[in-house]
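# Commentary on secondary and tertiary structure
What follows is the residue order along each chain.
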Amino acid sequence: MPRGVWALPPVAVLALVFLYPLGLVVQQSLTPEGGGAFDAYGSVFASTAFREALWTTVWLAVGATAGCLVLGFALALVIAFVPFPGARAVAKFIDVFLSFPSFLITLALLFIYGSVGMANGVWTDLTGTAEGPFRFLATPWGVLLAEITYFTPFVMRPLLAAFSQLDTAQLEVAAGLGARPARIVRRVILPEALPALAAGGSLVLVLCLNEFGIVLFTGAKGVTTLPMLVYGKAILESDYQAACVVAVVNIAISVGLFGLYRMVSKRAGA
């Protein structure tokens, strides 16, 4: 039997469950309603809601990625190079953390910093005021905090793998020559970590661009990303063609960034 025959079942399943629905979305976005095939794209691109959603999506994704890179690098350094009890258990927990749903982390932050969360409860108990001061979760900064909290382990995991391959003799030689810890990090560790940082950062960027649960669960007012705009157009406004146009744009951006992620991961050996 030819080898190509064995590829037919998985290709057929992929086409049925993924390519066919995706094709329907693209077809719906191009279906003319009394005009040209691309009139819906022009209408959506010209709308203020789309431009604001695109800008919000980009700056949240870039900001969260930058925060994850800085925090992930610092935490990975501590876990990998600073001896403390339970370091191995913490490294194992990071692998488990990657399986957590994003809304669970957001829900935990709401329990702590929400309007009726523990932090505001402690504040009102101590001061006797009617309301606490912690209300940032309902702002873009709350979404940014939640995304950094959730996605930082996605940066730490490849970093810890890279640090485990680092030749400790280089660190010992640098320390023996009198180099300070900050200089060792900058001149020895960071160059070795750059491929892992690039791979983890590009993955986080792709994930943040498509994040829906965190934005929805924080209830941030005025924070509309592209996935939230698709939800609003399709579910709340029943404007399916506009929703499909936004979805196609979001898919195009995501696929392009995913290609970048795969290229960087290949060079990093991930």
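Nothing here was measured: the structure is a model prediction, and the numbers come from that model.

When its secondary structure is counted, the chain shows 12 helices and zero strands. The N-to-C order of helical and strand elements in the chain reads α-α-α-α-α-α-α-α-α-α-α-α. Across the 270 residues of the chain, 36% fall into the buried class. Put simply, of all contacts in the chain between residues at least 6 apart along the chain, 72% involve residues at least 24 apart. Only carbon and sulfur atoms are counted for the fraction: they give 70% of the accessible area of the chain, which is about 15,700 Å².

Taken as a whole, this structure holds one salt bridge when the rule is applied. Here Glu237 makes a salt bridge to Lys233, at a shortest N to O gap of 3.4 Å. On the basis of relative accessible area, Lys233 is assigned to the buried category, the value being 19%.

Turning next to the packing of helix H3 (residues 48–81) against helix H7 (residues 140–164). Viewed as axis vectors pointing N to C, H3 and H7 meet at an angle of 45°, and their least axial separation amounts to 6 Å. Between H3 and H7, the angle falls in the class oblique. Judged by the twist between their axes, the crossing of H3 over H7 is right-handed. The residue makeup of the contact of H3 with H7, split by class, is 24 nonpolar, four polar and one charged.

This part is about helix H9 (residues 181–209). For H9, spanning 29 residues, the distance from its first C-alpha to its last is only 35 Å, which falls clearly below the expected 42 Å at 1.5 Å a residue. Considering bend angle alone, the principal kink of H9 is centred on Leu190 and spans about 55°; proline Pro191 follows within four residues of it.

Following the sequence through the fold, Thr57 ends up in helix H3. Beyond its immediate chain neighbours, meaning those up to four positions away, Thr57 contacts Leu209, Thr225 and Leu226.

For the rest of this paragraph, the subject is a nonpolar patch on the surface. On the surface, a nonpolar cluster with roughly 710 Å² of combined accessible area is contributed by Phe103, Leu104, Leu107, Phe111, Ile112, Met118, Leu216 and Phe217. Listing elements by their share of the nonpolar patch, those giving two or more residues are helix H5 (102–113) and helix H10 (213–218). A per-element tally of the nonpolar patch places H5 first, with five residues. Structurally, Phe111 can be placed in helix H5.

Now for unusual backbone geometry. Even without being a glycine, Ser238 presents a positive backbone phi close to 55°. Here Ser238 lies in the loop between helix H11 (226–236) and helix H12 (240–268). On the accessibility criterion, Ser238 (46% relative accessible area) is partly exposed.

Where helix H4 (residues 87–97) contacts H7, the axes come no closer than 9 Å and their chain directions differ by 125°. Considered as vectors, H4 and H7 are oriented oblique to each other. Seen along the crossing, H4 lies across H7 with a hand that is left-handed. In contact with Ala91, Ile94, Asp95 and Phe97 of H4, H7 contributes Thr149, Tyr150, Pro153, Met156, Arg157 and Leu160.

Before going further, it helps to spend a moment on the packing of aromatic side chains. One pair of aromatic rings is described through two measures. These are the centre distance and the angle between the planes. Taken as a whole, this structure holds 12 aromatic pairs when the rule is applied. Where Phe73 meets Phe163, the ring centres are 6.2 Å apart and the plane angle is 65°; that geometry is what we call edge-to-face. Residue Phe73 is found in helix H3, and its partner Phe163 is found in helix H7; the two are separated by 90 residues along the sequence. Comparing Phe73 with Phe163 shows no difference in burial state: the two are buried. Seen in terms of ring centroids, Tyr150 and Phe154 are 5.8 Å apart; in terms of plane orientation they differ by 55°. Their pairing is tilted.

Time to look at the nonpolar core. Counting residues in hydrophobic clusters, the biggest one holds 43 residues, and the most contacted among them are Phe151, Leu159 and Phe163. Secondary-structure elements contributing two or more residues to this core are H3, H4, H5, H7, H9 and H10. A total of 12 residues in this core trace back to one element, the largest contributor, which is H7. Counting 12 residues, the second-largest nonpolar core is a separate cluster that includes Ala40, Ala242, Val245 and Val248.

Moving on to the side chain of Thr218. Its location among the elements puts Thr218 in helix H10. Beyond its immediate stretch of four places on either side in the chain, Thr218 contacts Thr106, Leu137, Ala138, Val143 and Ala146.

The next thing to look at is the environment of Phe111. With a relative accessible area of 55%, Phe111 lands in the exposed category. Not counting chain neighbours up to four residues away, the residues in contact with Phe111 comprise Gly117 and Met118.

Each value, and the rule that gives it
- Each chain carries its own residue numbering, running from 1 in the written order of its sequence.
- The predicted origin of the model limits local features to residues at a pLDDT of at least 70 and limits the giving and counting of side-chain atom pairs to 80 or more, whereas totals for whole chains, interfaces and linings rest on all residues.
- Hydrogens and water molecules were not included; the side-chain quantities draw on all heavy atoms of the structure.
- By definition, any uninterrupted DSSP run of H or I lasting at least four residues is a helix, any uninterrupted run of E lasting at least two residues is a strand, and each is numbered from the N terminus.
- The buried label goes to any residue with under 20% of its type's maximum accessible area, the exposed label to any with over 50%, and the partly exposed label to all in between, with areas taken from a 1.4 Å probe on protein chains only.
- Contacts are residue-level and defined by heavy atoms, with any inter-residue pair within 4.5 Å sufficient.
- Surface accessibility follows the Shrake-Rupley procedure with a 1.4 Å probe radius. Residue values consider only the protein chains on display as shielding.
- We define a salt bridge as a contact between a side-chain nitrogen of Lys or Arg and a carboxyl oxygen of Asp or Glu at a distance within 4 Å.
- Angular values range over 0 to 180 degrees, each being the angle between N-to-C directions of two axes fitted as lines to C-alpha atoms, with helices fitted over their stretch in contact.
- Any angle that is under 35 degrees is reported as roughly parallel, and any over 145 degrees as roughly antiparallel; angles of 65 to 115 degrees are reported as roughly perpendicular and all others as oblique.
- Helix crossings get a hand from a simple test, with the near helix turned counterclockwise from the far one by less than a right angle marking a left-handed crossing and a clockwise turn marking a right-handed one.
- Classification convention: Asp, Glu, Lys, Arg as charged; Ala, Val, Leu, Ile, Met, Phe, Trp, Tyr, Cys, Pro as nonpolar; all other residues, Gly among them, as polar.
- Between the first and last residue of a helix there are one fewer steps than residues, each counted as 1.5 Å, and that sum is the expected span.
- Fitting one axis to the seven residues ending at a residue and another to the seven starting there, the bend at that residue is the angle between the two axes.
- Candidate patch residues must exceed 30% relative accessible area and have no salt bridge, after which like charges are joined if within 9 Å and Val, Leu, Ile, Met, Phe, Trp or Tyr side chains if within 5 Å.
- The rule is short: rings of Phe, Tyr and Trp, with Trp giving its six-membered ring, pair when the centres are within 6.5 Å, and they are stacked under 30 degrees, edge-to-face over 60, tilted in between.
- Throughout, nonpolar core names a set of buried Ala, Val, Leu, Ile, Met, Phe, Trp, Tyr and Cys residues whose side chains join them through atoms within 4.5 Å.

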